[in-house]
Every structure is written in C-alpha cells, then in structure tokens.
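Notes for the structure review
Below are the chains, spelled out letter by letter.
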Amino acid sequence: MDNSLKLHYEIPGDDFALAGEASSNVKKILTQLGVNPAIIKRVSIAMYEAEINAVIHANGGTAEVEIDSNKVTIIIKDEGPGIPDIELAMQEGYSTASEAVRELGFGAGMGLPNIKKYSDNFEIESIVGKGTTVKIEVWLKP
Amino acid sequence: MKVKEFAEKLDMVILTGEKGLDKEIKKIYACDLLSWVMSHACKNDAWVTVLNHVNIVAVAVLLEISCIILPEGVDIEETTLKKAIENNIPILKTNMDTYEICWRTHEILR
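A look at the overall build of chain A
Summing up its helical and strand segments, chain A has five helices and five strands in all. The N-to-C order of helical and strand elements in chain A reads β-α-α-β-β-α-α-α-β-β. In terms of overall dimensions, chain A is globule-like: its C-alpha atoms have a radius of gyration of 15 Å, near the 14 Å expected for 142 residues. The principal-axis extent of the C-alpha atoms belonging to chain A is close to 45 × 30 × 25 Å.

Printed below as a string of structure tokens:
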C-alpha cells in the first residue's frame, strides 16, 4: 500500500439497526488488506464504541477513516451536546446514557475507556453545545 | 465443534435457518453488557445473552463470534433475526438458563 485509502461514513442517529455498520465495513476492508487479526480487533472495538457513542449521545455523526501502510486513523465527529467534563467521562463506569439505552446493554461507562485502551493514540475534543470529535489511531506495524 | 452439531446436542432451536451452521465453536462466553463483551469475548465463542436487539449482531460480526444463544426462552426481535441472517450469524434459542448452557457446553466441548 503506497497510497492511503480514505473512507467516509455517515452515522445515522438513534438507529441501532445501522449502528456498527461503519465499523463492520472497515473491519471487512482491513481483513481484505490482510491486516493482522489482533490489530483488526482493536480497530473494530475502538471504532464501534465511538460509533455507538455518536448514536446514543449525539444523534449520529460522521466517520472519516484513513488507512495507509503504517496506521489506521479514524475520526468520528458529531454535533451533539458535547462533554462538559472529559476527565469524568473517561472514568470507567461513568455514563450519562438514558435508562432506555442501558436496557439495550449500552451505557456501562466503558465506551471511552475502551477506545483509549485499544488505540495507540487517542484524542478527544469536545465543546458543550457544539459537539465532540474523537480521533483514534492504531499502528499497523509493531 | 460446529454450530449445527452443538445445537443438536444441546437440543437448541436454530432461528436463522442454515446460515453459518458450519462455524466452529471453541468456547462459551456469557455477558449482557455490550462494551464488556466487546473487550472480553473472543473469536469462535458461542455467546449467551438475554439481549435480543439488533446490535448483538454487530458485536458478533465484529468479534467473529460463532453463534448467539438466547437463554430461558428469550424471544428474538424480527430486525435482529433479519440482520443475523444477512450477516451469517446463527442465533440459537433454548429454555435452559445461562448456567446450565455453560455447564453442558463444558461437558460436550471438553
């Protein structure tokens, strides 16, 4: 792979039937490219969690994915309510998800910690009232 | 063990037709918190969950789980079933509870 591969996905809001489509698609592409399965698993988990966050908290958003020979970069952007206290949001077990969402098996307060855990580089920017951008990078080479 | 043989041995109902029945089950995993499942379940697990909404299929696809098992007669949602068939993920149903499923699976897989 000399050139990078760029992908764009729309993440629909409040549609759990489609949540995970973008991550599944990226997983398929990485599999076709012959990427190490352990790395694919990390990308899949981190991206899925970020995608679900956009669906649950921000009525959807967009995902920009870039794959080159060194790394996978995923930027998930939403125009949701934003996160007032990122440090608090990063704590495992902290969640603002609704009761209805929790009943679906989400909202355990593990989303952001999982993203951080499975990324090689993780950045989050959030402005209350404007939205949140999450950047995930996973190296393809050890 | 293949999903088909597993379902027959434990007398489980296969809800998704012939799809994915040749997948290999290596061990069993049970949990109902999706983020927890995402970070702890493994490829080729049979996954027991009472969750029946469509996102269990997305999780199963991403982790390459061999099949989803609904315990204690939990019903499936129509959209979940459709998505599972589309994605080649078998869904099995049983009246056994999670403990019994895991115990009997251990017996037949060991």
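That shown, we press on.
What about the pattern of salt bridges?
Evaluated as defined, the whole model comprises 10 salt bridges over all chains. Between B:K27 and B:D45 there is a salt bridge, with the nearest N and O atoms lying 3.2 Å from each other. Taken as a pair, B:K27 in strand β2 (residues 27–30) and B:D45 in strand β3 (residues 45–48) lie far apart in primary sequence, 18 residues in all. One salt-bridge network, held together by shared partners, links A:K27, B:K43 and B:E64.

Some details on the pairing of strand β2 (residues 60–67) of chain A
Residue and element names in this part refer to chain A. Of all eight residues making up β2, six are buried, and the element is well covered by its neighbours. The pairing of strand β1 (residues 5–12) with β2 spans eight bridges and is classified as antiparallel. Residue pairing across strands places H8 opposite E64, the latter belonging to β2. Relative to strand β3 (residues 71–78), β2 is paired through seven bridges, and the arrangement is antiparallel. Bridge pairing links G61 to D78 in β3. Counted between consecutive antiparallel strands, the loop separating β2 from β3 contains three residues.

Some words on the environment of A:V43
Residues and elements named next belong to chain A. Along the chain, V43 falls in helix α2 (residues 37–58). Spatially, the C-alpha atoms of V43 and W139 are 9.5 Å apart, while their sequence positions differ by 96 residues. Excluding residues that lie within four positions of it along the chain, V43 makes contacts with V26, L30, V72, I74 and V138.

Considerations on unusual backbone geometry
Residue and element names in this part refer to chain B. Even without being glycine, D11 reaches a positive phi, approximately 55 degrees. Turning to its location among the elements, D11 is positioned in the loop between α1 (3–9) and β1 (13–14). On the basis of relative accessibility, which here comes to 67%, the residue D11 falls in the exposed class. One non-glycine residue with positive phi stands out, namely E72, at about 50 degrees. Mapped onto the elements of the fold, E72 is located in the loop between β4 (67–70) and α4 (78–86).

Some remarks on the sheet that holds strand β5 (residues 91–93) of chain B
Residue and element names in this part refer to chain B. The strand order across the open sheet formed by five strands is β1-β5-β4-β3-β2, and the pairing between neighbours is mixed. Looking at the sheet topology across the chains shown, the edges are occupied by β1 and β2. The pairing of β2 with β3 spans four bridges and is classified as parallel. Across the sheet, residue I28 finds its bridge partner in β3, namely A46.

Considering the nonpolar core
By size, the foremost hydrophobic cluster in this structure holds 66 residues, and its most contacted members are A:Y9, A:M47, A:Y48, A:V65 and B:W47. Looking at this core element by element, the count peaks at 12 residues for α2(A). Setting aside residues no more than four positions away along its own chain, A:Y9 makes contact with A:A22, A:N25, A:V26, A:I29, A:M47, A:G61, A:T62, A:A63 and A:V65. One finds B:L21, B:I25, B:V48 and B:I69 within the second-largest nonpolar core, a separate group that totals 15 residues.

Analysis parameters
Residues numbered from 1 in each chain as written. Chains lettered and ligands numbered in written order. Predicted model: local features only at pLDDT ≥ 70, side-chain atom pairs only at ≥ 80, totals over all residues. Heavy atoms only, no water. Helix = DSSP H or I, 4+ residues; strand = E, 2+ residues; numbered from the N terminus. Rg over C-alpha atoms; globule rule 2.2 N^0.38 Å. Salt bridge = Lys/Arg side-chain N within 4 Å of Asp/Glu carboxyl O. Buried < 20%, exposed > 50% of the residue type's maximum accessible area, 1.4 Å probe, protein only. Pairing = 2+ DSSP bridges. Contact = heavy atoms within 4.5 Å. Core = buried A, V, L, I, M, F, W, Y, C linked by side-chain atoms within 4.5 Å.

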